Amino acid sequence: MRRTAFALAAAGIATLLSGAGFAQETVIGGMVFQQDQFFRGIQLGFEVSAKESGATLLQGNSDNKLEKEAELIDTFIARGAKAVVLAPLNSDASIPALERARDAGVKVVLYGTSINSDFQVADVGTSQLDIGRFTGEAAARYIKENLGGKAKIALLGFRSQLQQMSDDRTNGFLEKAKDGVELDVVATQDAWLAENAVTVATDILTANPDIQVIYAANEGGTVGAVQAVRAAGKQGKVFVFGTDGSEQLAGFLLDEDNVLIATTAQQPVEIGKKAADVAAAAIKGEATEKYYDIPPLALSRYDLDGVKAYAESVKQ
C-alpha cells in the first residue's frame, strides 16, 4: 500500500509539473478570414515563425464572419494562447472579443487591418495607399505612352466588405494615375470575387463601350476584369491595372494579349512571419514597435524579369 500511495503521489506531482509546463508554453493563436493564396501565405509565415521560435501554433479561419471571429478568439483564450494574431474584420465590431483577450492577459497583434483602439501590441502590414500608388504609377506611364495622356476608366472595389482598405487602395491609385494624365471615371462598383467581377466588368464594358482602363482594388476583381475583357474580345482596347499578386496574375502579366498591365503584390509570408515574431517577442516581454511596414512589390510589363522571379517565388 505504501508503494501504491507513493506511486500515486509521484503521478500527481508529474501531472502538476506537466500542467505547469503547459502554462509556461508559448502558445500563439493565428487567424485568417478567408482561404486564398494570400492568406495561405500568411499561414505559411505563421508556421515559419512558430518553427523558429518554438511556439505552439493554433490556427483558425473566421470565414469572414464576425461571430466566428469572436468564437475563435475565445477558443484561443480557452486553449491557453498567450497571444492572438489576426486581421480584424471590423474596426469597431471586432473590439469586444479582442478586449476579452486583452483582459485575459493575451497579447493582441494585428496584421492587414486594424481597430479603432490602441491596446494592440502592434499592427503589421503594408500601406494600403502605397498598394494603390504603385499600380497608379504604372497606369500613368502607360496612359501617357500609349493612350495619348487621356483615358476613360472604371473602378472595381470592395467597399461593402472593407470600406477603408478599398478606399485607400483606390485613392492611392487615382493619386498617382492622375499625375500628368487626364482621367474620366465613368463607373465605380463593388466586385471583389472573381466570378462576380466578371459579371460586373462585363456589364460596365457593355454600358460604356469606350472605356479604356479598368482598375481593380483586389485580386478577385483583377482576375474578373481580365477575364471580362478577354470574353468581350477587347484585348488591345481595354487595359487592366490591378491589385495583389498570385501565380495566376503573374501569368496574366506574362501573357502576350497585353490585357493586364500592372499589379501590386503584398508579401503575405513576410507579413505573417513578422506578426507571429512580434507576438512571440511580446509574450517574452521583449520591446516591440507599434507598427511594422512590409513594403509592397510592383509587378508590371515594364519588368517582366521581375514578374518571372515573383512567379517562381510563389511556386516555392
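Scroll up to find the structure this text is about.
Keep in mind it's a predicted model, so treat the numbers as computed, not measured.

Reading the values: the criteria
Residue positions within a chain follow its written sequence, with the count starting from 1. Reporting of local features is limited, given that this is a predicted model, to residues whose pLDDT is at least 70; pairs of side-chain atoms are given and counted only at 80 or more, and all residues count toward the totals for whole chains, interfaces and linings. Side-chain metrics in this entry use all non-hydrogen atoms of the structure; hydrogen atoms and water are not considered. For helices the rule is a DSSP run of H or I covering at least 4 residues; for strands it is a run of E covering at least 2, with both sets numbered from the N terminus onward. Using a 1.4 Å probe on the protein chains alone, a residue whose accessible area is under 20% of its type maximum counts as buried, one over 50% counts as exposed, and one in between counts as partly exposed. A contact between two residues is defined here by any heavy atoms of the two lying within 4.5 Å. Reported accessibility uses the Shrake-Rupley method at a 1.4 Å probe radius. Residues are deemed covered only where the shown protein chains occlude them. Residues counted as positive are Lys and Arg, residues counted as negative are Asp and Glu, and His and the chain ends are not counted. Each charge is placed at NZ for Lys, CZ for Arg, CG for Asp and CD for Glu. Between 30 and 60 degrees the pair is tilted, below 30 it is stacked and above 60 it is edge-to-face, where a pair is any two Phe, Tyr or Trp rings, Trp via its six-membered ring, whose centres lie within 6.5 Å. Consider the ring centre and the ring normal. A charge sits over the ring if Lys NZ or Arg CZ is within 6 Å of that centre and within 35 degrees of that normal. A helix's residues, less one, multiplied by 1.5 Å, set its expected span. For this quantity, the arc is that covered by the directions from the helix axis to the C-beta atoms. Comment: axis = line fitted to C-alpha atoms, over the contacting stretch for helices; angle = value between 0 and 180 degrees taken between N-to-C directions. Under this scheme an angle from 65 to 115 degrees is roughly perpendicular, one under 35 degrees roughly parallel, and one over 145 degrees roughly antiparallel; angles in between are oblique. Each crossing is labelled by how the near helix is turned from the far one, with a counterclockwise turn of less than a right angle marking it left-handed and a clockwise turn marking it right-handed. Three classes are used, and their members are as follows: Ala, Val, Leu, Ile, Met, Phe, Trp, Tyr, Cys and Pro are nonpolar, Asp, Glu, Lys and Arg are charged, and the others, Gly among them, are polar.

Undergrad: Hey, could you go over the overall build of the protein chain for me, with residue numbers and the actual values?
TA: Each helix and strand in the protein chain was counted, giving 11 helices and 12 strands. Along the first, second and third principal axes, the C-alpha atoms of the protein chain reach 95 × 35 × 35 Å. Per-residue burial for the protein chain yields a buried fraction of 49% across its 316 residues. Considering only contacts in the protein chain between residues 6 or more positions apart, those separated by 24 or more positions represent 71%. Carbon and sulfur atoms make up 51% of the accessible area of the protein chain, which amounts to about 14700 Å² in all. One way to put it: in the protein chain the 30 positive side-chain charges average out to a point 4 Å from where the 41 negative ones average out.

Undergrad: Break down the packing of aromatic side chains for me, with residues and values.
TA: For the coordinates displayed, the defined rule picks out six aromatic pairs. Geometrically, the ring pair formed by phenylalanine 38 and phenylalanine 39 is edge-to-face, given 5.1 Å between the ring centres and 85° between the ring planes. Grouping residues by exposure puts phenylalanine 38 and phenylalanine 39 together as buried. Among the aromatic residues, ring-to-ring pairing joins Phe33, Phe38 and Phe39 into one connected group. Sitting above the plane of the phenylalanine 119 ring, arginine 102 keeps its charged end 4.9 Å from the centroid. Over the face of the ring belonging to tyrosine 302 we find arginine 141, whose NZ or CZ atom lies 3.7 Å from the ring centre.

Undergrad: Now, about unusual backbone geometry: what can you tell me, with residues and values included?
TA: Within the chain, aspartate 63 stands out as a residue other than glycine whose phi angle is a positive 55°. Judged by its relative accessible area of 37%, aspartate 63 falls in the partly exposed class. For asparagine 64, which is not glycine, the phi dihedral falls at a positive 65°. The residue asparagine 64 is located in the loop between strand E2 (56–61) and helix H3 (66–78) in this model.

Undergrad: Give a description of H3 that names residues and reports values.
TA: Helix length check: H3 (13 residues) gives 18 Å between terminal C-alpha atoms against 18 Å at 1.5 Å per residue, within 8%. For H3, the set of buried residues is Glu69, Ala70, Leu72, Ile73 and Phe76. Burial along H3 is one-sided: seen end-on, the buried residues are contained in an arc of 160°. Across from the buried face of H3, at angles greater than 90 degrees, the exposed residues are Glu67, Glu71 and Ala78. Buried positions along H3 lie against strand E1 (27–32), E2, strand E3 (83–86) and helix H4 (95–103). Phi for glycine 80, located one or two positions after H3, is positive at around 85°.

Undergrad: An account of the packing of helix H7 (residues 194–207) against helix H8 (residues 219–231) is requested, with residue identities and associated values reported.
TA: Remark: H7 packs on H8, axes separated minimally by 7 Å, with the N-to-C direction vectors making an angle of 50°. Here H7 is positioned oblique relative to H8, judged by the angle of their axes. Crossing handedness for the pair H7 and H8: right-handed. Contacts from Ala194, Ala197, Val198, Ala201, Thr202 and Leu205 of H7 reach H8 at Gly220, Gly221, Val223, Gly224, Ala225, Gln227, Ala228 and Val229. Residues of the contact of H7 with H8, tallied by class, amount to nine nonpolar, five polar and no charged.

So far we have only geometry, and geometry alone does not tell us how the molecule works.
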